[in-house]
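# Structural features, examined
These are the residues of each chain, in order.
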Amino acid sequence: MSSDPLLQPFQLKHLTLRNRIFISSHEPAYAEDGMPKSRYRAYHVERARGGVALTMTAGSASVSRDSPPAFNNILAWKDEVVPHLRDLTDAVHDEGAAVMIQLTHLGRRTRWDSGDWLPVLSPSFEREPAHRAFTKQLEDWDIERVIRDYADATERMQAGGMDGVEFECYGHLMDQFISPLTNRLPAPWGGTLDDRMRFPLAVLQACRDRVGPDFLLGVRYVADERLPGGVEAPEGIDVGRRFKASGLVDFLNVIRGHIDTDPGLTDVIPIQGMPSAPHLDFAGEVRQAVDIPIFHAARVPDVATARHAIASGKVDMIGMTRAHLTEPHLLRKIITRQEDRIRPCVGANYCLDRIYQGGMALCIHNAATGREETLPQIIAPARAKKHVVIVGAGPAGLEAARVASQRGHSVTVFEAASHPGGQIRLTAQSHRKKEMMGIIDWRMAECSATGVKFRFNTLADDETVLAQSPDIVIIATGGLPNTEVLQAGNDLTHSAWDILSGDAKPGRMVLVFDDAGDHAGMQAAEKIAQSGASVEIVTPDRSVAPEVMGMNLTPYMRAMQALDVTFTVTWRLVRVDRQGNQLKALLGSDYGPATQERLVDQVIVNHGTLPLDDLYFALKPLSRNLGAVDHEALIAQRPQPLAPNPKGRFQLWRIGDAVASRNTHAAILDALRLMAVH
């Protein structure tokens, strides 16, 4: 028996949860045709295998046709979902974990021009800013139908083997009834809190009548909207008491904030550089006032924070959702006293930002997440030991070293700099981005444990590599900024890297031409503005920094809107010329012949990187595969069969930005896919 608070079981009605950590309902967007098929199942099974007490699927499964998926949600209104759920729940239960699902009608939090093109429903005509759909105000027959849809869906979840259902009641239709900001209906469905609560309680009653007393029902609800005129904490706690008094609810999952805008969503689910567990104390207040099992999840990235949440009695179950995207075997490592080997969530929010742009949830530095059917979370040993030489100790090179060494190979890494990290070390210069170094530090620790040999301050050439007599050579040399993008005046510009590294000091009036739309441009602009300069960010795109995505954009905008920063979209920097002691920047447009001019004293260009690939091309003729990659074998996770040069001495591949300017996740995926089978 362990004395660790996190490892104590929790009795939720008839269900015994084996520890105090759960994965909160979230939509990884792995559904196929609206069904949780093999990819969805493998993702949750891996985390059950890793020891989590409860994994909650779907964020949220749709109960009605007129609640079309906004994030590739599961279609709980279809009968065909049941056998897929049964396959998932049986597999999760076989690993010793409980499994629930979240149900919802999205209400205004979706769009009318998807699915069956039905009107979006809400208790008012107010649109949600995030999804922009103007709504139909519900009629009585809509309300009756949707309540019935909830009950039908809950019955399907019970038939699919779920241990219970959690109802989404923040930002979605249930909460749109409760909040006075989104409910403009007359009595009996709007007005007083009694009337605003009528719909969610009617849903709960209909579902309880359908599934009986032994099926768990919970509500994830907002107990404080933090919006003028919205549900404030006293009323939110009263809402919690009413849920409990109904006798229909077995647990509450507490949320604080609102999700109708990107900034609001970011405060509810904070990202790196923001405080950890900012709503935990408030969840504890709700637990004390309502006296019902309380679940909570909001940026709990590390075991120490989770342990405090339970030990202090703030909550009964603590959610570590993004942490489990990064480390599916988190509980197993706690149990086996290997907490120092837990892969850290760095709060980059690549997972959620991708979902909100229509992609699948992927972890910035665990490339196997969401790919559990083809890529390993636990590295298997190789049949034969090889000598692997890697050039470059950025995220790609370190991932290749980690995987190769865990397979049992002898690994040597050459790095020109005095320390590892590559572009991540540059990113981490920003105080909000310091957590990114966890990507590097964790891999260095893993490599140290398996005996990887590092040669820092070594600019490896072909002779250096050949002297190692390698079996496999991985070129992970990254890239350098591409500033040769103008018709004239390229030599008069600096790169975003120059600013971030300190090689160039900020000017007083600065134009930042951000053609890549990624973090480097925004970080450089923010650093320049913080120096007191006047900054104009110019982009040919129709929006600012499209590669940064919504929730990551929020801290940048909050910082720069308080400074002297102007955002100019749909204009392209054409050339730069000297004009006295200043620079004249000519702007053109992709939309037509219009031009503008700016007089500044500094121009920054952010246009991605060009590969550092000289070493790769020097070694290519000497390799067995001539550097080629069989894409079918790579994706299917089979060893590379290509050997067009039988006299070659080694296999050669390049990965990450040494191939093309991409991102950290792509670099790590390159390394994992190649080395997991070699």
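Keep in mind that this is a model prediction, so the values were computed, not measured.

### Observations regarding the overall build of the chain
Each helix and strand counted, the chain has 23 helices and 27 strands in total. The C-alpha atoms of the chain give 27 Å as radius of gyration, which agrees with the globular expectation for 678 residues (26 Å, within 12%). Taken along its principal axes, the extent of the C-alpha atoms in the chain is 75 × 65 × 45 Å. Taking all 678 residues of the chain together, the buried fraction comes to 60%. In the chain, the share of contacts with a sequence separation of at least 24, taken over all contacts with a separation of at least 6, comes to 72%. Of the roughly 26,000 Å² of accessible surface on the chain, a fraction of 49% belongs to carbon and sulfur atoms. Seen as two clouds, the 73 positive and the 82 negative side-chain charges of the chain have centres 4 Å apart.

### Some points on the UniProt feature "domain: NADH:flavin oxidoreductase/NADH oxidase N-terminal" (unreviewed entry) in the chain
UniProt's feature table lists "domain: NADH:flavin oxidoreductase/NADH oxidase N-terminal" (unreviewed entry) at residues 6-336, given in the numbering used throughout. Span residues 6-336 is 37% helix and 17% strand, its end C-alpha atoms 13 Å apart.

### Overview of the UniProt feature "domain: FAD/NAD(P)-binding" (unreviewed entry) in the chain
Residues annotated by UniProt as "domain: FAD/NAD(P)-binding" (unreviewed entry) correspond here to residues 387-616. Structurally, residues 387-616 is divided into 29% helix and 31% strand, and its ends, taken at the C-alpha atoms, are 18 Å apart.

### Some details on helix α9 (residues 280-290)
For α9, the full list of buried residues reads Leu280, Phe282, Ala283, Gly284, Val286 and Val290. Against the buried residues of α9 lie β9 (216-224), α7 (233-245), β10 (251-256), β11 (294-296), α10 (303-311) and β12 (317-319). One or two steps after α9, the chain reaches Asp291, where phi turns positive at roughly 60 degrees.

### Focus: unusual backbone geometry
Going from Gly59 to Ser60, the amide bond is cis rather than trans, its omega being 15 degrees. Position of Ser60 relative to the elements: it lies in strand β4 (residues 54-62). Looking along the chain, the bond that leaves Ala187 and enters Pro188 is cis, with omega of 15 degrees. Following the sequence through the fold, Pro188 ends up in the loop between α4 (173-178) and α5 (193-196). Residues other than glycine seldom take positive phi values, yet Arg226 does so here, at roughly 55 degrees. In this structure, Arg226 sits in the loop between β9 and α7. Unlike most non-glycine residues, Ala277 shows phi in positive territory, near 45 degrees. Inspection of the secondary structure assignment puts Ala277 in the loop between α8 (262-268) and α9.

### Describing the sheet that holds strand β22 (residues 572-579)
Read across the open sheet, the 3 strands follow the order β22-β23-β24; overall the sheet is antiparallel. In this open sheet, the two edge strands, each paired with only one partner strand, are β22 and β24 (592-600). On average, each strand axis in the sheet is inclined to that of its neighbour by 20 degrees, with strand direction left out of account. Note: β22 against strand β23 (residues 582-589), 7 bridges, orientation antiparallel. Across the sheet, the residue bridging to Leu573 is Leu587, located in β23.

The rules behind each value
Residues numbered from 1 in each chain as written. Predicted model: local features only at pLDDT ≥ 70, side-chain atom pairs only at ≥ 80, totals over all residues. Heavy atoms only, no water. Helix = DSSP H or I, 4+ residues; strand = E, 2+ residues; numbered from the N terminus. Rg over C-alpha atoms; globule rule 2.2 N^0.38 Å. Buried < 20%, exposed > 50% of the residue type's maximum accessible area, 1.4 Å probe, protein only. Contact = heavy atoms within 4.5 Å. Areas by Shrake-Rupley, 256 points an atom, 1.4 Å probe, with all protein chains shown as cover. Lys, Arg positive; Asp, Glu negative; His and termini not counted. Charge placed at Lys NZ, Arg CZ, Asp CG, Glu CD. UniProt positions renumbered as here; feature names shortened; annotations may be inferred. Pairing = 2+ DSSP bridges. Axes fitted to C-alpha atoms, helices over the stretch in contact; angles between N-to-C directions.

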